[in-house]
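# Descriptive structure summary
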2 protein chains.
Amino acid sequence: MRTALAIDVGGTKIYSAIINEKGEILSEVEKYHTPKTFSEIKSLFEDIIKRHEDEVEIIAFATCGAVNNTNDGILGSTGNIAKEYPSMDFKALSQKPVYVENDANAAAWAEHIIGASKGMPYSVMLTLGTGVGGGIILDNKLYKGKNGAAGEMHFKMCTDKHRKCTCGSWDCFEAYASGTGLKKTAEEISGNPEITTYDVIEKNDREILDRWQNDILEGIIGLANIFDPDVIVLSGSMAEFVDINYLEKEANKEIVTTPFKVVKATAGNYSGMIGAALLALGVK
Amino acid sequence: MRTALAIDVGGTKIYSAIINEKGEILSEVEKYHTPKTFSEIKSLFEDIIKRHEDEVEIIAFATCGAVNNTNDGILGSTGNIAKEYPSMDFKALSQKPVYVENDANAAAWAEHIIGASKGMPYSVMLTLGTGVGGGIILDNKLYKGKNGAAGEMHFKMCTDKHRKCTCGSWDCFEAYASGTGLKKTAEEISGNPEITTYDVIEKNDREILDRWQNDILEGIIGLANIFDPDVIVLSGSMAEFVDINYLEKEANKEIVTTPFKVVKATAGNYSGMIGAALLALGVK
């Protein structure tokens, strides 16, 4: 069976594994802290690839940052990773073919092929973590937009410049629906700037959690009205704390489009690597 | 040259004309008030079709309401038109083939083929009138979603249940960016429930108009981040009152995706009929 060496590149961790065209992980997953500098990151990639490239057909990156439509480079800046990272020449890292996709897009593809949105042509995945990642699949194809940057969940939740977003703008969905957003909501409701998401979850503070969940609901309603999707998939560490049945029921009451599902992701923590491998291997 | 009989069905007016595959209107445009009852609407359709069907290859409807993916019927309810209207059997109206599309989708297609978004594969059109219509074109194809209802511009502008929307939910883009939204903004700022959009425009009340325009800007930013489009096209009677250059400049400062244009529609008042005819005739 055909295999890929998958490498998942985040701002804090880098993972790698060998994955086959069924999305099965065949090797032990290697885990690294993301190095601080561009040259250290590049050296780590070279080391991983050197040790494994002979075993696989293609190298598949799932990376932070928007990835271009030729799947070989990063568009613009990428937040909390070495600032020269977007200039990485991925193709030059191996003699084998190299395929690059955004991590949230790759994870959405994994759900589409082997996970929670399998068999459903139209899906939007929201990865709720420190930030919010988005992956959009339309008519069984990953939707990337004109240059590859589509699927950024930076639409506004209010228009009065209330909460600054990491993107530099104000009041984006990410600034409310993410873990960071939950902390901010907790600070606003409790008046305590030291409160953590852990405190909120530990105490099961329903006022705070319900406000946060309601913001997620409002975003889901907007996306369903725009896309008329089969399903909206929630993944990421924060997805554990939402009531998926409540979101599905309430969203379906509010939309003007047609009924849709809300489900949790099932492809697991390595869905970014799995999706990148499946995309690189051309599995549809 | 191949031609279609195009019929544009709105809640207040119905238009018809013969249109060729270049999008040229070949006949005088017939104009009617939309009848109150289902049977009167059906009779009007039958009358128009009877007089013209021999001259054309196909009948093309641009209609209010979401249209299914087989382009022969309406999904769900459609606002201010006879409540049985969605049950119309369009195919039964003529011996010739009949093709039905949503009016905002059809208008977006007209812009894509002969208007402001010509040559641009990824566009979102916002029709700013009494309400807000949406038409989405991705990779040179009309985007309809799983059942045909996609492109509804009912995403939230705030989450505190401030302004009721015609869709039954709260604070949708439509409730702010439309002409009705401008009136509501004017009422809120002036404290005068009698104020009209005409008053605001006549006096060029910048506080009110700027607030309204800013809400349109916020919506455009969200759509650009979701779709990474080539262009967002503004059409409809209210598009006359926005500063298109300002919107383009400000939106491009805020997005995390790649630069895009904001332009006004150029296909004219009959773009719904033109787009429906082009779609019915298979012009891509």
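Relevant structure appears above.
Residues numbered from 1 in each chain as written. Chains lettered and ligands numbered in written order. Predicted model: local features only at pLDDT ≥ 70, side-chain atom pairs only at ≥ 80, totals over all residues. Heavy atoms only, no water.

### So, the packing of aromatic side chains
As enumerated under the stated definition, the model contains 19 aromatic pairs over all chains in all. With a centroid separation of 6.1 Å and an interplanar angle of 90°, the aromatic rings of Tyr85 of chain B and Phe90 of chain B are classed as edge-to-face. Each member of the pair, Tyr85 of chain B together with Phe90 of chain B, is buried. With a centroid separation of 4.9 Å and 20° between ring planes, the pair formed by Phe155 of chain B and Phe173 of chain B is classed as stacked. Here the residue Phe155 of chain B occupies a position in the loop between strand S10 (141-142) and helix H3 (174-177), and Phe173 of chain B occupies one in the loop between S10 and H3, the gap between them amounting to 18 residues. Each of the two residues, Phe155 of chain B as well as Phe173 of chain B, counts as buried. Here a set of aromatic residues connected by ring pairs shows up, and it is made of Tyr122, Tyr143 and Phe227 of chain A together with Tyr122, Tyr143 and Phe227 of chain B. Between the NZ or CZ atom of Arg163 of chain A and the centre of the ring of Tyr176 of chain A, over which it lies, the distance is 4.0 Å. (Phe/Tyr/Trp six-rings, centres within 6.5 Å; stacked < 30°, edge-to-face > 60°. Buried < 20%, exposed > 50% of the residue type's maximum accessible area, 1.4 Å probe, protein only. Helix = DSSP H or I, 4+ residues; strand = E, 2+ residues; numbered from the N terminus. Lys NZ or Arg CZ within 6 Å of the ring centre and 35° of its normal.)

### A closer look at the sheet that holds strand S3 (residues 30-33) of chain B
All names here are of chain B. The mixed open sheet is built from 5 strands, whose spatial order is S3-S2-S1-S4-S7. The open sheet has two edge strands, S3 and strand S7 (98-102), and neither has a second partner. Neighbour-to-neighbour, the strand axes of this sheet turn through a mean angle of 20°, independent of strand direction. Here strand S1 (residues 3-9) pairs with strand S2 (residues 13-20) via 7 bridges, running antiparallel. For Ile7, the partnering residue across the bridge sits in S2 and is Ser16. Sitting on the sheet, helix H1 (residues 38-52) touches S1, S2, S3 and strand S4 (58-63), and the angle it makes with S1 is about 165°. In the packing of helix H8 (residues 271-280) onto the sheet, the strands contacted are S1, S2, S4 and S7, and the crossing angle to S4 comes to about 135°. (Pairing = 2+ DSSP bridges. Axes fitted to C-alpha atoms, helices over the stretch in contact; angles between N-to-C directions. Contact = heavy atoms within 4.5 Å.)

### Structural notes on the interface of chain A and chain B
The interface is formed by 40 residues belonging to chain A together with 40 residues belonging to chain B. Between chain A and chain B lies a buried interface of about 3,300 Å² when both sides are counted; carbon and sulfur atoms form 56% of it. Broken down residue by residue, the surface that chain A buries against chain B is led by Lys146, Lys156 and Ile226 of chain A, which jointly contribute 22%. Summed over the shared surface of chain A and chain B, the number is 4 salt bridges. Of the charged contacts, one joins Glu218 of chain B and Lys156 of chain A as a salt bridge, the two residues approaching to 2.6 Å between their closest N and O atoms. On the surface where chain A and chain B come into contact, there are 28 residue pairs in polar contact (both at pLDDT 80 or more). When contributions to the side of chain A that touches chain B are tallied by element, the ones reaching two or more residues are strand S9 (132-138) and helix H6 (206-227) of chain A. Ranked by residue count, the leading element in the side of chain A that touches chain B is H6 of chain A, at 9 residues. (Buried area = accessible area lost by both parts, 1.4 Å probe. Salt bridge = Lys/Arg side-chain N within 4 Å of Asp/Glu carboxyl O. Polar contact = N/O pair within 3.5 Å; in protein donor to acceptor, adjacent residues only side chain to side chain.)

### Structural notes on the side chain of Gln213 of chain B
Position of Gln213 of chain B relative to the elements: it lies in helix H6 (residues 206-227). Setting aside its immediate chain neighbours within four residues, Gln213 of chain B contacts Phe241, Val242, Asp243, Tyr246 and Leu247 of chain B.

### Focus on the relation of the copies chain A and chain B
Rotating chain A by 180° and translating it 0.0 Å along the rotation axis places it on chain B, where the RMSD comes to 0.0 Å. The relationship between the two copies is best expressed as a two-fold rotation axis. When each C-alpha of chain A is compared by its distance to the rotation axis, Cys158 of chain A comes out closest, at 2.1 Å. By residue overlap, the copies meet face to face through one surface: 100% of the interface positions of chain A are interface positions in chain B. (Least-squares fit on C-alpha atoms with pLDDT ≥ 70 in both.)

### Notes on the environment of Glu55 of chain B
Residues and elements named next belong to chain B. Tracing the backbone shows Glu55 in the loop between H1 and S4. Glu55 gets classed as partly exposed once you look at its relative accessible area, which sits at 46%. For the pair Glu55 and Lys13, spaced 42 residues apart in sequence, the C-alpha to C-alpha distance is 24 Å. Ignoring sequence-local partners within four residues, the contact set of Glu55 consists of Thr3 and Ile18.

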